[in-house]
Amino acid sequence: MVADTSDYEAELDAIFETLAELAPEIRASLPGRRVKSDEVNPSGETRLEADAYADELIEEALGGIDGVGTYASEEQAEPIDVGSGDVSIACDPLDGSSNIKPNSPMGTIIAVYEGDLPAGGDRLLASGFVLFGPILTMTYARDGQVTEANVGDGEIDVIDDDVTLPDEPTVYGMGGRVPDWTPGFSAFIRAIEQEYKLRYGGAMVADVNQVITYGGIFSYPALKSAENGKLRLQFEGIPIAYIIESAGGSSSDGTQSILDVDPEKFHQRVPVHLGNDEMIDRLEATLAAHD
């Protein structure tokens, strides 16, 4: 269950309108910022110049909206006070930024929470992602409904205001190195790889968009070397889980909905599985039987 949005409609309108305005500017900035900077983010990953630029741009724009009190991102060690409002924004400024070098798709993810961070799914107000693909789109979930829009000109031009996952799943994608998978996850992939088409490009938003478009499952699982996987609860897990669940699918950390995971720390990681209900049920049953 997510938070009641009735008191925050103006803030949510402004946040998504501003993100749409920023999308062309972020995309246009990428060609000159494909090199690594001298900095690392709080997770120890080397930042690209594009990561830093997008983070600063989004912080300034979204942090300046009336009602927004806190801005947080994967690129910052702690949340930043930006105003006196009750709304907090958690952002992955460039999801899949390593795809800049080979010129592959990437995106921006935002989660809008009520109150302070870290926060769980019960305090999520809305979430969305921009996909820097051949078409510049934004997909966002509010009040249990998912909308896809073209934002190529900086405005929200709605393509579909009731996005739902197809009934018949056809694709799957998964992260992590195969030798690092747990026995249960390995068994699950072996079981489905003869039935579905592999789609994995190294940017969560692009891989999830495949699932939204064609039906199926995306996973970044628990690993032998990292029991909580790679993806962050605040910035990736909760916001994308809400989009998938609002589109008629399911999310799971292996045992429960990601929206039910308790937030214990700011940069907390979580195993992520997203897709059609039957695929998530099958995954959880396989993990339970093996792990």
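## Looking at the packing of helix 1 (residues 9–29) against helix 2 (residues 49–63)
Right, on to step 1. Orientation of helix 1 relative to helix 2, taken along the N-to-C sense of each, is 155 degrees, at an axis distance of 10 Å. Overall, the two elements helix 1 and helix 2 adopt an arrangement that is roughly antiparallel. Relative to helix 2, the crossing made by helix 1 is right-handed. Contacts from I15, T18, L19, L22, E25, I26 and S29 of helix 1 reach helix 2 at Y53, A54, L57, I58, A61 and L62.
Right, on to step 2. Its residues assigned to classes, the contact of helix 1 with helix 2 comprises ten nonpolar, two polar and one charged.

## Some words on the nonpolar core
Right, on to step 1. Grouped together as the largest cluster of nonpolar side chains are 55 residues, with contacts concentrated most on M204, I240 and L274.
Right, on to step 2. Among the elements that make up this core, the one with the highest residue count is helix 5 (residues 233–246) (eight residues).
Right, on to step 3. If you look at the next biggest cluster of nonpolar residues, it comprises 36 residues, including L22, A23, Y71 and V151.

## Quick word on the environment of E11
Right, on to step 1. Tracing the backbone through its elements, the reader meets E11 in helix 1.
Right, on to step 2. With a relative accessible area of 17%, E11 lands in the buried category.
Right, on to step 3. Through-space distance from the C-alpha of E11 to that of V87 is 8.1 Å; in sequence the pair is 76 residues apart.
Right, on to step 4. For E11, the contacting residues outside a window of four places in its chain are D66, G67 and V87.

## With respect to the sheet that holds strand 10 (residues 157–160)
By definition, the strands of a sheet pair up through backbone hydrogen bonds, in either a parallel or an antiparallel sense.
Right, on to step 1. What the eight strands build is an open sheet, ordered 4-3-5-6-7-8-9-10; its pairing is mixed. Every interior strand has two partners, whereas the edge strands, strand 4 (80–81) and strand 10, have only one.
Right, on to step 2. Across seven bridges, strand 5 (residues 87–95) lies against strand 6 (residues 106–114) in antiparallel orientation. Directly across from V87, in strand 6, lies its bridge partner E114.
Right, on to step 3. Of the strands in this sheet, strand 3 (68–73), strand 5, strand 6, strand 7 (124–132), strand 8 (136–142) and strand 9 (145–150) are in contact with helix 5, which crosses strand 6 at around 90 degrees.

## A closer look at the pattern of salt bridges
Right, on to step 1. Tallying each qualifying case throughout the model produces four salt bridges.
Right, on to step 2. In this structure, R142 engages D13 in a salt bridge whose closest nitrogen and oxygen atoms are separated by 2.7 Å. In this pair, R142 is assigned in strand 8 and D13 in helix 1, connecting sequence segments 129 residues apart.
Right, on to step 3. Classification of D13 by relative accessible area gives partly exposed; the value is 35%.
Right, on to step 4. Across the pair E74 and R232 runs a salt bridge, and its minimum N-O distance is 3.7 Å. With E74 in the loop between strand 3 and strand 4 and R232 in the loop between strand 13 (216–220) and helix 5, this residue pair connects regions lying 158 residues apart in the sequence. Considered together, E74 and R232 belong to a single accessibility category, that of buried residues.
Right, on to step 5. Via salt bridges that share partners, E9, D13 and R142 belong to a single interconnected network.

About the criteria used
- Residues numbered from 1 in each chain as written.
- Predicted model: local features only at pLDDT ≥ 70, side-chain atom pairs only at ≥ 80, totals over all residues.
- Heavy atoms only, no water.
- Axes fitted to C-alpha atoms, helices over the stretch in contact; angles between N-to-C directions.
- Helix = DSSP H or I, 4+ residues; strand = E, 2+ residues; numbered from the N terminus.
- Parallel < 35°, antiparallel > 145°, perpendicular 65-115°, else oblique.
- Left-handed = near helix turned anticlockwise from the far one by under 90°.
- Contact = heavy atoms within 4.5 Å.
- Nonpolar A, V, L, I, M, F, W, Y, C, P; charged D, E, K, R; others polar.
- Core = buried A, V, L, I, M, F, W, Y, C linked by side-chain atoms within 4.5 Å.
- Buried < 20%, exposed > 50% of the residue type's maximum accessible area, 1.4 Å probe, protein only.
- Pairing = 2+ DSSP bridges.
- Salt bridge = Lys/Arg side-chain N within 4 Å of Asp/Glu carboxyl O.

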